[in-house]
There are 2 protein chains.
Amino acid sequence: MELISSKENKRIKYLKKLFSSASFRREEGVFAAEGLRLCSDALRSGAEVVSAYFSQSFIEKNPDFIDEAQRKAGECLVLRDNIFSAVSDTKTPQGVLFVIKRLDKSFDFDKIKNNGKVLALENVQDPVNLGTILRTAEAFGVDTVILSRDCCDVYAPKVVRGSMGAVFRQPLHITDDLPALIGDFNRFGTSYAAVLDRGSVPLTECDLNGAVLSAVGNEGNGLTPETIAACTRKLYIPMRGDAESLNVSAAAGIILWEMVK
Amino acid sequence: MELISSKENKRIKYLKKLFSSASFRREEGVFAAEGLRLCSDALRSGAEVVSAYFSQSFIEKNPDFIDEAQRKAGECLVLRDNIFSAVSDTKTPQGVLFVIKRLDKSFDFDKIKNNGKVLALENVQDPVNLGTILRTAEAFGVDTVILSRDCCDVYAPKVVRGSMGAVFRQPLHITDDLPALIGDFNRFGTSYAAVLDRGSVPLTECDLNGAVLSAVGNEGNGLTPETIAACTRKLYIPMRGDAESLNVSAAAGIILWEMVK
């Protein structure tokens, strides 16, 4: 394996930029995942690992993992421990980092025609929320999570970590035109906009059988009028007390639970 | 109002320590909340504001708020803008900060005897999770949230902010002996330990009528054996897919939803 021992190596700059820049990740069509657990998840889930980077001390301690990575990754490289620490996005680097091909796919209507459950997220900004939502969606077997282009980048390091690997397994689709996609979905099923509005139905009274899409919006502003208009129906989660709203990850979690339970 | 114009002022060190040290907050019996929205919530909810601190530019822009704070707070002080920024726990300080008396109370069994809904958290460590859970608990009108002493401090700045003010309104109780408290609760109602175990009942089949307590545990390790043993029954949230578990705030949200809906 090639050894990188200089911080000036162009791969070091490349990795740092992959961690920090969503537009660079998009241009390159890849993202970075770090840590033994996430990288093991990536291997197990069949994600396409373009490059695998290890610190020297990681290699000494994890021979089996290295074997597997060498079989599956496009290339494997070694970094001196101090160089790995300089690249790492975490405080206590474990010494393993993969560059992985993006996993979002085009939307597959055939897959959701019969009883498919879809979550659509519009302009969700917080990476912790997005990671938690992906984890919940995977746990409940949601068929596809749709993200509007203006959501926080699903391949941001905090999202990848917070999803606990769900980003590798949960089918994802990113769209430039969420209302149009919902319009297409309406030919097969019922779409619900999560919004407290005149005519919104309490979640407890919604018919969530068959193919169902639920759309949840931005932390502060909720869904756009265009997306609300594109949905067949409107739902809200009944609340008490002085709370104005739920956290978007809590709201999405409860809606998903009702959709699949 | 007294003007503080030196970073060496002992109140400046006091405020910084309130933000950074859970043990200091506990010793002093107070905590700090920052920002116009949170401080407005504190005034509205009747929290006891010991001291109110404003930046000079905040005072110029918010005369009505200052009037109200002067009527309700024990004392009001002014900080030069640069001093306020040095104290602030946020990147873009709004210029208002309250020191508030702790709000957790002793556990009131009378209040929950009839149909009371209680959430018990054991060793929940992440402040974002804890803030989200408090917000959800308030939204669903949970009667009391019990925190084991080893939970992340409920008055940590990230929890206070993440709760969106729920920390001022949601009845809270902190206990040194969660299993004993659950034992006492069992005289009035049913307690459920959220754990995937032999004998655990799917959440969809739990009888959540009457007085109910649900206990949710640490992010990585779940509940302790002692707390599981103290509960009357065990429940789990049915999942599909490869996800090992839900995020604790998502799990707590779904259990609370089922308890109160």
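Located above this text is the structure these notes cover.
This section reports on the structure supplied with the text.

Thresholds applied
Residues numbered from 1 in each chain as written. Chains lettered and ligands numbered in written order. Predicted model: local features only at pLDDT ≥ 70, side-chain atom pairs only at ≥ 80, totals over all residues. Heavy atoms only, no water. Contact = heavy atoms within 4.5 Å. Buried area = accessible area lost by both parts, 1.4 Å probe. Salt bridge = Lys/Arg side-chain N within 4 Å of Asp/Glu carboxyl O. Polar contact = N/O pair within 3.5 Å; in protein donor to acceptor, adjacent residues only side chain to side chain. Helix = DSSP H or I, 4+ residues; strand = E, 2+ residues; numbered from the N terminus. Nonpolar A, V, L, I, M, F, W, Y, C, P; charged D, E, K, R; others polar. Expected span 1.5 Å × (residues − 1). Buried < 20%, exposed > 50% of the residue type's maximum accessible area, 1.4 Å probe, protein only. Least-squares fit on C-alpha atoms with pLDDT ≥ 70 in both. Phe/Tyr/Trp six-rings, centres within 6.5 Å; stacked < 30°, edge-to-face > 60°. Pairing = 2+ DSSP bridges. Disulfide = S-S within 2.5 Å. Axes fitted to C-alpha atoms, helices over the stretch in contact; angles between N-to-C directions. Core = buried A, V, L, I, M, F, W, Y, C linked by side-chain atoms within 4.5 Å.

1. Concerning the interface of chain B and chain A
Contacts between chain B and chain A engage 31 residues on the former and 31 residues on the latter. Among the residues of chain B in contact with chain A, Arg-135, Arg-240 and Trp-257 of chain B are the three that bury the most area, contributing 23% of the side total. For the pair chain B and chain A, the number of links is two salt bridges. Among the salt bridges present, the one from Glu-258 of chain B reaches Lys-261 of chain A, with a minimum N-O distance of 2.9 Å. At the junction of chain B with chain A, the criterion picks out 12 residue pairs in polar contact (both at pLDDT 80 or more). At the level of secondary structure, the elements contributing two or more residues to the side of chain B that touches chain A comprise helix H3 (36–44), helix H8 (127–139) and helix H13 (248–260) of chain B. For the side of chain B that touches chain A, the class distribution of residues is 13 nonpolar, eight polar and 10 charged.

2. Regarding H13 of chain B
Residue and element names in this part refer to chain B. The end-to-end C-alpha separation of H13 is 18 Å, in line with the 18 Å expected for 13 residues at 1.5 Å each. Among the 13 residues of H13, 13 are classified as buried, and the element is accordingly described as predominantly covered. By the N-cap criterion, in which a side-chain oxygen at the helix start approaches the backbone nitrogen of a residue two or three places on, H13 is capped by Asn-247, the distance to Ser-249 being 2.6 Å.

3. Focus: unusual backbone geometry
One non-glycine residue, Asn-115 of chain A, lies in positive phi territory at about 70°. Along the polypeptide, Asn-115 of chain A turns up in the loop between helix H7 (109–112) and strand E6 (117–121). Of note, the phi angle at Met-164 of chain B is positive, near 55°, even though the residue is not glycine. On the secondary structure map, Met-164 of chain B appears in the loop between helix H9 (157–162) and helix H10 (166–169).

4. Observations concerning the relation of the copies chain B and chain A
One chain copy maps onto the other through a rotation about an axis and a shift parallel to that axis. Structural alignment of chain B on chain A gives an RMSD of 0.0 Å, achieved by rotating through 180° and translating 0.0 Å along the axis. These values place the two chain copies in the arrangement generated by a two-fold rotation axis.

5. A word on the packing of aromatic side chains
Think of a pair of aromatic rings as described by two things: how far the centres are apart, and how the planes are tilted against each other in angle. Applying the stated criterion across every chain yields a total of 20 aromatic pairs over all chains. For the pair Phe-54 of chain A and Phe-65 of chain A, a centre-to-centre distance of 6.5 Å together with 90° between the ring planes defines the contact as edge-to-face. Separated by 11 residues along the polypeptide, Phe-54 of chain A in strand E3 (residues 49–55) and Phe-65 of chain A in helix H5 (residues 63–72) bring together distant segments of the chain. Comparing Phe-54 of chain A with Phe-65 of chain A shows no difference in burial state: the two are buried. Geometrically, the ring pair formed by Phe-58 of chain B and Phe-65 of chain B is edge-to-face, given 5.7 Å between the ring centres and 90° between the ring planes. A relative accessible area of 10% means that Phe-65 of chain B is categorised as buried. By way of ring pairs, the aromatic residues Phe-54, Phe-58, Phe-65 and Phe-98 of chain A are connected into one cluster.

6. Let's talk about the pairing of strand E5 (residues 96–101) of chain A
Residue and element names in this part refer to chain A. Taking burial as the measure, the six residues of E5 include five buried ones, the bulk of the element. Two elements, strand E2 (residues 30–34) and E5, share five bridges in a ladder whose sense is antiparallel. For Ala-32, the partnering residue across the bridge sits in E5 and is Val-99. In the sheet, E3 pairs with E5 via five bridges, with the strands oriented antiparallel. Note that in E5 the partner of Val-49 across the bridge is Ile-100.

7. Here's the deal with the pattern of salt bridges
If you walk through the whole model with that rule in mind, you get 28 salt bridges over all chains. Glu-48 of chain B is the salt-bridge partner of Lys-101 of chain B, the closest N and O atoms lying 3.8 Å from each other. One end of the pair, Lys-101 of chain B, is in strand E5 (residues 96–101); the other, Glu-48 of chain B, is in the loop between H3 and strand E3 (49–55), and 53 residues separate them in sequence. The partly exposed category is assigned to Glu-48 of chain B, whose relative accessible area is 46%. A network of salt bridges, in which partner residues are shared, links Glu-258 and Lys-261 of chain A together with Glu-258 and Lys-261 of chain B.

8. Observations regarding the environment of Val-118 of chain B
Residues and elements named next belong to chain B. For Val-118, the location among the structural elements is in strand E6 (residues 117–121). Given a relative accessible area of 0%, Val-118 falls into the buried group. It is 19 Å that separates the C-alpha atoms of Val-118 and Val-159, two residues lying 41 residues apart in sequence.

9. Quick word on the state of the cysteines
Evaluation of the coordinates by the stated rule reveals zero disulfides over all chains. The closest cysteine sulfur to the non-disulfide-bonded Cys-206 of chain A is located on Cys-231 of chain A, 12 Å from its own sulfur.

10. Re helix H3 (residues 36–45) of chain A
When we look at burial in H3 of chain A, the residues that qualify are Leu-38, Cys-39, Asp-41, Ala-42 and Leu-43 of chain A. Considering only its buried residues, H3 of chain A is in contact with E2, E3, H5, E5, helix H9 (157–162) and helix H10 (166–169) of chain A.

11. Focus on the sheet that holds E5 of chain B
Two pairing modes exist for strands in a sheet, parallel and antiparallel, and in both the strands are linked by backbone hydrogen bonds. Residues and elements named next belong to chain B. Sheet architecture is open: five strands sit in the order E1-E4-E3-E5-E2, paired in mixed fashion. Each having just a single partner strand, strand E1 (2–4) and strand E2 (30–34) make up the two edges of the open sheet. Going from strand to strand, the sheet's axes swing by 25° on average, the running direction of each strand aside. With respect to the sheet, H3 is in contact with E2, E3 and E5, its orientation differing from that of E5 by roughly 35°. Here helix H5 (residues 63–72) sits on the sheet in contact with E3, strand E4 (76–79) and E5, set at roughly 150° to E3.

12. With respect to the environment of Thr-175 of chain B
Residue and element names in this part refer to chain B. Considering the arrangement of structural elements, one finds Thr-175 in strand E8 (residues 172–175). In the structure, Thr-175 is positioned 26 residues away from Arg-149 in sequence and 5.6 Å away in space, judged by C-alpha atoms. Setting aside residues up to four positions removed in sequence, Thr-175 forms contacts with Ile-146, Leu-147, Ser-148, Arg-149 and Leu-181.

13. Describing the nonpolar core
Phe-98 of chain A together with Phe-98 of chain B are the most contacted members of the largest nonpolar core, which totals 128 residues. Not counting residues up to four positions away in its chain, the partners in contact with Phe-98 of chain B are Phe-31, Ala-32, Ala-33, Cys-39, Ala-42, Leu-43, Val-49, Ser-51, Ala-52, Phe-54, Phe-65 and Ala-69 of chain B.

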